[in-house]
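Geometric and topological summary
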Amino acid sequence: MSAITHLQFLESEAIYILRETAAQFQKPALLFSGGKDSIVMAWLARKAFYPSKLPFPLLHVDTGHNFPEAMEYRDWFVQEIGATLTVGLVQKSIDDGRVQEEKGHNASRNKLQTVTLLDTIEENQFDACLGGGRRDEEKARAKERFFSHRDEFGQWDPKNQRPELWNIFNGRKHFGEHFRVFPLSNWTEMDIWQYIRQENIPLPSLYFSHQRKIIERHGQLLDASTGIIPLLDEEKPKVKEMTIRFRTVGDATCTGAVESTASTIDEIVAEVAAARQTERGTRADDKRSETAMEDRKKEGYF
Amino acid sequence: MDVLVNPTESSLLRFTTAGSVDDGKSTLIGRLLYDSKSIFEDQLLAVEESSKRRGDAHVNLALLTDGLRAEREQGITIDVAYRYFATPKRKFIIADTPGHIQYTRNMVTGASTADLAIILIDARLGVIEQTMRHTYLASLLRIGHIVLAVNKMDLVDFDEAVYNKIVADFQAFAKGLDQLPQVTPIPMSALNGDNVVDKSESTPWYTGPSLLQHLETVQVHSETAADEARFAVQWVIRPISDREDAKLGNLHDYRGFAGRMASGTFRVGDDVLVYPSEMKSKITGIHTYEGPQQETTPQLSYSITVADEIDTSRGGMIVKANEPTQTSHEFDAMICWFADKKTLKPRSRFHLRHTTNDVRAVVTDVLYKVNISTLEKTTASKEFSLNDIGCIRIRCAAPIFFDPYGKNRTTGSFVLVDEQTNNTVAAGMITKSLVDAGDEDAEVAI
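Residues numbered from 1 in each chain as written. Chains lettered and ligands numbered in written order. Predicted model: local features only at pLDDT ≥ 70, side-chain atom pairs only at ≥ 80, totals over all residues.

Here we look at the overall build of chain A
On a plain count of helices and strands, chain A comes out with eight helices and ten strands. Over its C-alpha trace chain A gives a radius of gyration of 19 Å, about what one expects of a compact globule, namely 19 Å for 302 residues. Dimensions along the principal axes, computed over C-alpha positions, put chain A at roughly 55 × 55 × 35 Å. Burial statistics for chain A: of 302 residues in total, 57% are counted as buried. A fraction of 76% describes how many contacts in chain A between residues 6 or more apart in sequence connect residues 24 or more apart. (Helix = DSSP H or I, 4+ residues; strand = E, 2+ residues; numbered from the N terminus. Rg over C-alpha atoms; globule rule 2.2 N^0.38 Å. Buried ≥ 20, exposed ≤ 12 C-beta atoms within 10 Å, placed from the backbone. Contact = placed C-beta atoms within 7 Å.)

So this is what it looks like as structure tokens:
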């Protein structure tokens, strides 16, 4: 008998983790951003519990700075897989005085999400949040566990993580603590795209090549068509119509585009194979410092 | 080298790397990643900048994954780092384990999911204590394949005699191990790339494959269809609905046992034994989202239905009727102790997690500890501290269903969880069962 393919292995491993999460926790939730990784994760969750419905809701932490295409997709997808959706609004955290909006033209609500996320976890008493993070994405993520323990303040202690051996995952915790669980830990960006191709998973149109008004800022190609990112007066004449696509889809203020004519999954797979930059190279949030991701994660970021 | 595009032809190999501090492990991994185009320009640029800022003489590839602030500040790797690369033939996951104090814990962790271990040797130093320690751990964790990477051959003028002596020394040592892995020695220079990706012209006397050629083609024994069928129940799927499913019909009575096939194969119609009740039944359905299947494949996930109303749930196990597991409250196991602030001794209590089971357990005796530098067994102390390895006897509050680790890595392994902190404090491998009194065949070495 022939060995299984790497995609079969990764799929089965993720399904195993999703089932462990449902079994070991009282009230899990699946963090859903409308980006490709959380789409793949939710797709796998549907498989894991078939023919039942998902035994947990999808949770979207909404910065209010969304691409309209991502929101349309979210609502369609939730319906399609028969899931329920819980939304945590960053705007509400701002209105309630829980966080302060960053000032200046580079302001982003990306960091504020952490407070909204932790508040939403507490309000709903979620004890495990499934995230689409992958170890190949970023160096702080490379040391992340499948079952990642968070203390009662939602903090991650990277130096004191539980060893994970074989297929045994330890989700024991004290009251008030919770876990982040990453079923896609062993997937690479290429695996995600190959799986999307194999499964024929529909994606938000943002991932495919399209024409868009773009402003180049600090080497990044940022959206200038939705009006979400405020432009400086001197930037306004520099806005260009470009043929681009997004390699990651997150908060619009810090998601950079790449010039691309790839308009099918096959073309994207070929483009990813030839890429010489990591996908997070387009993310402004990681550019703030060498350990930006670790610092955010310690505070309770995704 | 082309990057893998067609997934259907590619299998997965998981391996771990072991070596001491200056044997060129980072260089070797860096070369595999770089030559397979798995390092991106922005990553390399960031690492070059950091290396320069730190005053390193050369580009320090360890900075690629030593991403934690404490690691970068101290210039050490704290934790197992997982790295990924692919060639047109195969996809690889490397568990890269650091070589300092926490070594044993990290190597045991990395080895638990590996099919192959690369053990690096500095050709100038030959087989040293570290080599034996790494090999012992690989053998203890039942890694079936070892690549003996005799590195820095450029510094011994690619001398065949030096290489042959190292290989002979290693084989003499490996003969003393309980479990003899398959060993593939390769002479190389990671720094210059000799025999890493391509065959080197500097070693005309070496007729074997390059490291990458070997990794791409080696057939590893992971769980195969010929092994005994083992399926631990993770979760029971009960839609509790009168919905009509397109593939399954009315779901009112659907009750599927969800889990992953650890080893072996089930077919629809197989007679099965279901733990913990040990009742017999028959498989009526093997389901995935794609639809009903006729048989299972090792390592894949399924939902299985059986003919009778059987009492089992998470922690239970389904096996073939004529291939029972062992069941016992009490057994002997090799363990590696992970906690730095606590010790293990007789009467210590834990939660024992085995497959999908979680039971209370108490250490009834410490049989011996192993000095992993000399491989000698010692009974001088009955207390385990960080990184200690040895054999304990342990009794559980309820029987568990297991195979010896040497026979099945999934059903023979467990972890111990501290009752106060909930931390994972030990990895265990079951060696021998002590079955309830009256059973004459019970206490046999397995």
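Overview of the domain arrangement of chain B
Residues and elements named next belong to chain B. According to the domain assignment, chain B consists of domain 1 (7-217), domain 2 (230-320) and domain 3 (326-434). Tallying the contact residues gives ten residues for domain 2 and eight residues for domain 3. Examining the composition of the side of domain 2 that touches domain 3, we find that four residues originate from one element, strand E7 (residues 230-237), more than from any other. For the side of domain 2 that touches domain 3, the residue count by class is five nonpolar, three polar and two charged. (Domains from an automatic or database assignment. Nonpolar A, V, L, I, M, F, W, Y, C, P; charged D, E, K, R; others polar.)

Thoughts on the packing of helix H6 (residues 189-199) of chain A against helix H7 (residues 265-274) of chain A
All names here are of chain A. Orientation of H6 relative to H7, taken along the N-to-C sense of each, is 165 degrees, at an axis distance of 10 Å. Taken together, the axes of H6 and H7 are roughly antiparallel relative to one another. Remark: the crossing between H6 and H7 carries left-handed chirality. Where H6 abuts H7, its residues Glu-189, Met-190, Trp-193, Gln-194, Ile-196 and Arg-197 lie against Ile-265, Asp-266, Ile-268, Val-269, Val-272 and Ala-273. Of the residues assigned to the contact of H6 with H7, the class counts are eight nonpolar, one polar and three charged. (Axes fitted to C-alpha atoms, helices over the stretch in contact; angles between N-to-C directions. Parallel < 35°, antiparallel > 145°, perpendicular 65-115°, else oblique. Left-handed = near helix turned anticlockwise from the far one by under 90°.)

Describing the interface of chain A and chain B
Size of an interface: often given as the accessible area lost when the parts come together. In this assembly, 55 residues from chain A lie in contact with 60 residues from chain B. Elements that contribute at least two residues to the side of chain A that touches chain B include exactly helix H1 (6-24), helix H2 (36-49), H6 and H7 of chain A. Per-element accounting of the side of chain A that touches chain B gives the leading share, eleven residues, to H1(A). A class-by-class count of the residues in the side of chain A that touches chain B yields 22 nonpolar, 17 polar and 16 charged.

Structural notes on the confidence of the model for chain B
Residue and element names in this part refer to chain B. A residue-level look at chain B finds 87% of positions with pLDDT of 70 or above and a mean pLDDT of 86. Scored below 50 in pLDDT, residues 437-446 shows eight contacts in the model against residues more than four places distant or in partner chains. Across the predicted assembly, pTM comes out at 0.90 and ipTM at 0.91. (pLDDT = per-residue confidence, 0-100.)

Section: the nonpolar core
Residues A:Leu30, B:Ala117, B:Ala149, B:Val150 and B:Ala426 are the most contacted members of the largest nonpolar core, which totals 183 residues. Look past the residues within four positions of B:Val150 in its chain and what remains in contact with it is B:Ile121, B:Ala123, B:Tyr163, B:Ile166, B:Pro185, B:Ile186, B:Pro187 and B:Met188. (Core = buried A, V, L, I, M, F, W, Y, C linked by C-beta atoms within 7 Å.)

Description of the pairing of strand E6 (residues 178-181) of chain A
Regular strands have side chains that alternate between both faces of the sheet. Residues and elements named next belong to chain A. Alternating positions in E6 separate into two faces, His-178 and Arg-180 on one and Phe-179 and Val-181 on the other, with burial throughout. By the bridge criterion, three bridges tie strand E4 (residues 128-130) to E6 in an arrangement that is parallel. Among the inter-strand pairings, Leu-130 is bridged to a residue of E6, identified as Val-181. As judged from the four bridges shared by strand E5 (residues 147-150) and E6, these two strands associate in the antiparallel manner. Directly across from Arg-150, in E6, lies its bridge partner His-178. (Pairing = 2+ DSSP bridges.)

Examining the domain arrangement of chain A
Residues and elements named next belong to chain A. If you check the domain split of chain A, you get domain 1 (6-191 + 291-299) and domain 2 (203-286). A separation of 24 Å is found between the C-alpha centroids of domain 1 and domain 2. For the side of domain 1 that touches domain 2, the per-class residue count stands at seven nonpolar, nine polar and six charged.

A look at the sheet that holds E5(A)
Residue and element names in this part refer to chain A. Strand order in the open sheet formed by six strands is E3-E2-E1-E4-E6-E5, and the pairing between neighbours is mixed. Of all the strands in the sheet, the pair left with one neighbour each is strand E3 (85-89) and E5. Each neighbouring strand pair of the sheet contributes to a mean axis angle of 30 degrees, computed without reference to strand direction. Sheet strands in contact with H2 are strand E1 (28-31), strand E2 (58-62) and E4, and its direction is about 140 degrees off that of E1. The strands touched by helix H5 (residues 113-124) are E2, E3, E4 and E6; relative to E3, the strand with the most contacts, the crossing angle is about 130 degrees.

Describing the environment of B:Lys37
Tracing the backbone through its elements, the reader meets B:Lys37 in the loop between helix H1 (25-35) and helix H2 (41-54). Sequence separation of B:Lys37 and B:Thr87 is 50 residues, and the distance between their C-alpha atoms is 9.0 Å.

Thoughts on the confidence of the model for chain A
Detailed reading of the predicted coordinates is not advisable wherever pLDDT is low. Looking at chain A as a whole, the pLDDT averages 86, with 90% of positions reaching at least 70. Least confident of the elements in chain A is helix H8 (residues 292-299) of chain A, whose mean pLDDT is 64; most confident is H1(A), at 97.

Description of unusual backbone geometry
Residue A:Pro51 is bonded to the preceding A:Tyr50 through a cis peptide linkage, with omega at 5 degrees. For A:Pro51, the position within the fold is in the loop between H2 and E2. Looking along the chain, the bond that leaves B:Tyr275 and enters B:Pro276 is cis, with omega of 10 degrees. Note that B:Pro276 resides in the loop between strand E11 (271-275) and strand E12 (279-288). The phi torsion at A:Asn200 lies on the positive side, around 60 degrees, for a residue other than glycine. Checked against the element boundaries, A:Asn200 lands in the loop between H6 and strand E7 (210-217). Non-glycine residue B:Thr355 carries a positive phi angle of around 40 degrees.

Looking at the pairing of strand E1 (residues 11-18) of chain B
All names here are of chain B. Burial analysis of E1 places seven of its eight residues in the buried class, which makes it a mostly covered element. Two strands pair when backbone bridges link them, and E1 and strand E3 (residues 90-96) are joined in this way by seven bridges, in the parallel orientation. Bridge pairing in E3 places Thr-16 opposite Ala-95. Where E1 lies against strand E4 (residues 116-122), four bridges are found, and the strand directions are parallel. Bridging from a neighbouring strand, Thr-17 pairs with Ile-118 of E4.

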